[in-house]
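# Structural description and commentary
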Amino acid sequence: MRLTWTTLLIATILVSCGSKHIGPAVKIDFKEIQKKGKLTILTENSSLSFFEYRGKRLGFEYEIMDSFCKTQGLKMEVKVITDTKNFQRLLNNGEGDVIASNLVVSLEDEKRLAYSTPYYYTHQVLVQRSNDTLIKEPAELANQTVCVRKNSPFSRRLTDLQDEIGSRINIRYKTENPITEDLIEMVANNVIPFTIAHENLARISKEMHPNLNIDTRISFQQKIAFGLRLNSPELKKKLDDFLV
């Protein structure tokens, strides 16, 4: 059968898209993890998730998961993922068991992801310089430029906010997709005008950059939790019991 160039192009696109599709999750639950003796977390470089300093592994979420693994007699493997859109695919492929990346609990994502019991609550806040004309209400972001990470809860929040205020917000992404702390530093150094961050991280950053203002909230209180495969109910129960 003869194939036209158009048919070949479409086939190539479909194959390439399919290779990145989030397929059915592997069947790995707590018993399988116990047999391996190791639990793998998927995380990112962040002071709230995981970072290394002078040879020590640190991070709020890392320490929670490290304590959990110790109580279960498990070793913990850490995989740092630079592109957050890969988290769910890697989780379902069995390359990780828990996502530890300041996940905001989302009804939309609950179709593909199980959440642990939330371990803290926070708001999203606007990070701006205190010596500039301050934006005090979310509606004042109309026609302003805000830089955030791709595929982040901040990007999603800004998209929703546009509908709520009935005006465009110029949502921008840096090509290197820097972590939130780097974007906050760019605001402090007058490289970009605004970014969005979770309030707890913003407060930590403000200690290092006193010229920042983080008083303007742009979201309701949000739940932060760990992410697990939908077919890992035993692991979820163990983690939930530990977090309570």
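Up top is the structure these notes are about.
What you see is a predicted model, and the numbers here were worked out from it, not measured in a lab.

Helices and strands together make up the secondary structure of the protein, namely eight helices and 13 strands. Taken along its principal axes, the extent of the C-alpha atoms in the protein is 60 × 55 × 35 Å. A burial count over the protein gives 45% of its 244 residues as buried. Partitioning the intrachain contacts of the protein with sequence separation of at least 6 by distance along the chain shows that 76% fall at a separation of at least 24. If the 34 positive side-chain charges of the protein are averaged to one point and the 30 negative ones to another, these points end up 5 Å apart.

Let us now look at the packing of helix H3 (residues 60–71) against helix H8 (residues 233–243). Where H3 contacts H8, the axes come no closer than 11 Å and their chain directions differ by 110°. In terms of orientation, H3 lies roughly perpendicular with respect to H8. Two packed elements cross with a definite hand, and for H3 against H8 that hand is right-handed. Of H8, the residues touching H3 (which contributes Ile-64, Met-65, Ser-67, Phe-68 and Thr-71) are Leu-235, Lys-238, Leu-239, Phe-242 and Leu-243. Taken together, the residues that form the contact of H3 with H8 break down as seven nonpolar, two polar and one charged.

Once that is clear, we can look at H8. Within the sequence span of H8, burial applies to Leu-235, Leu-239 and Asp-240. Viewed along the axis of H8, the buried residues span an arc of 130°, placing them on a single side of the element. When the buried face of H8 is taken as reference, the exposed residues oriented beyond 90 degrees from it are Pro-233 and Lys-237. Residues of H8 that are buried make contact with helix H2 (30–36), strand E1 (38–43), H3, strand E5 (98–104) and strand E13 (222–228).

A few words on the environment of Leu-243. Take Leu-243: it is sitting in helix H8. You can call Leu-243 partly exposed: its relative accessible area is 21%. For the pair Leu-243 and Phe-68, spaced 175 residues apart in sequence, the C-alpha to C-alpha distance is 8.6 Å. Not counting residues within four places of it along the chain, the set of residues in contact with Leu-243 comprises Ile-64, Ser-116, Thr-117, Tyr-119 and Phe-226.

Each pocket or cavity is described by its volume, and for the largest pocket that value is around 1,100 Å³. Along the wall of the largest pocket there are 44 residues; nearest its centre are Asp-109, Asn-151, Ser-152, Pro-153 and Arg-156. Those elements that place two or more of their residues in the lining of the largest pocket are helix H4 (87–92), E5, helix H5 (153–165), helix H6 (180–188) and E13. With six residues, the top contributor of residues to the lining of the largest pocket is H5.

Here we come to the nonpolar core. Note that soluble globular proteins tend to have their nonpolar side chains buried in a common cluster. Counting residues in each nonpolar core, the largest one holds 40 residues, and the members touching the most others are Leu-39, Met-65, Val-98, Val-127, Phe-226 and Leu-235. When near neighbours in sequence (up to four residues on either side) are disregarded, Val-127 contacts Ile-184, Val-187, Pro-193, Phe-194, Thr-195, Ala-197, Ala-202, Leu-212, Asn-213 and Ile-214. Formed by 13 residues, the second largest nonpolar core is a distinct cluster that contains Val-148, Phe-154, Leu-158 and Ile-169.

Rules of the game
Residues numbered from 1 in each chain as written. Predicted model: local features only at pLDDT ≥ 70, side-chain atom pairs only at ≥ 80, totals over all residues. Heavy atoms only, no water. Helix = DSSP H or I, 4+ residues; strand = E, 2+ residues; numbered from the N terminus. Buried < 20%, exposed > 50% of the residue type's maximum accessible area, 1.4 Å probe, protein only. Contact = heavy atoms within 4.5 Å. Lys, Arg positive; Asp, Glu negative; His and termini not counted. Charge placed at Lys NZ, Arg CZ, Asp CG, Glu CD. Axes fitted to C-alpha atoms, helices over the stretch in contact; angles between N-to-C directions. Parallel < 35°, antiparallel > 145°, perpendicular 65-115°, else oblique. Left-handed = near helix turned anticlockwise from the far one by under 90°. Nonpolar A, V, L, I, M, F, W, Y, C, P; charged D, E, K, R; others polar. Arc of directions from axis to C-beta. 1 Å grid on protein atoms, 1.4 Å probe; cavity = no way out; pocket = protein on both sides within 12 Å on 5 of 7 lines; lining within 4 Å. Points joined across faces, edges and corners; volume = space filled by probe spheres on them. Core = buried A, V, L, I, M, F, W, Y, C linked by side-chain atoms within 4.5 Å.

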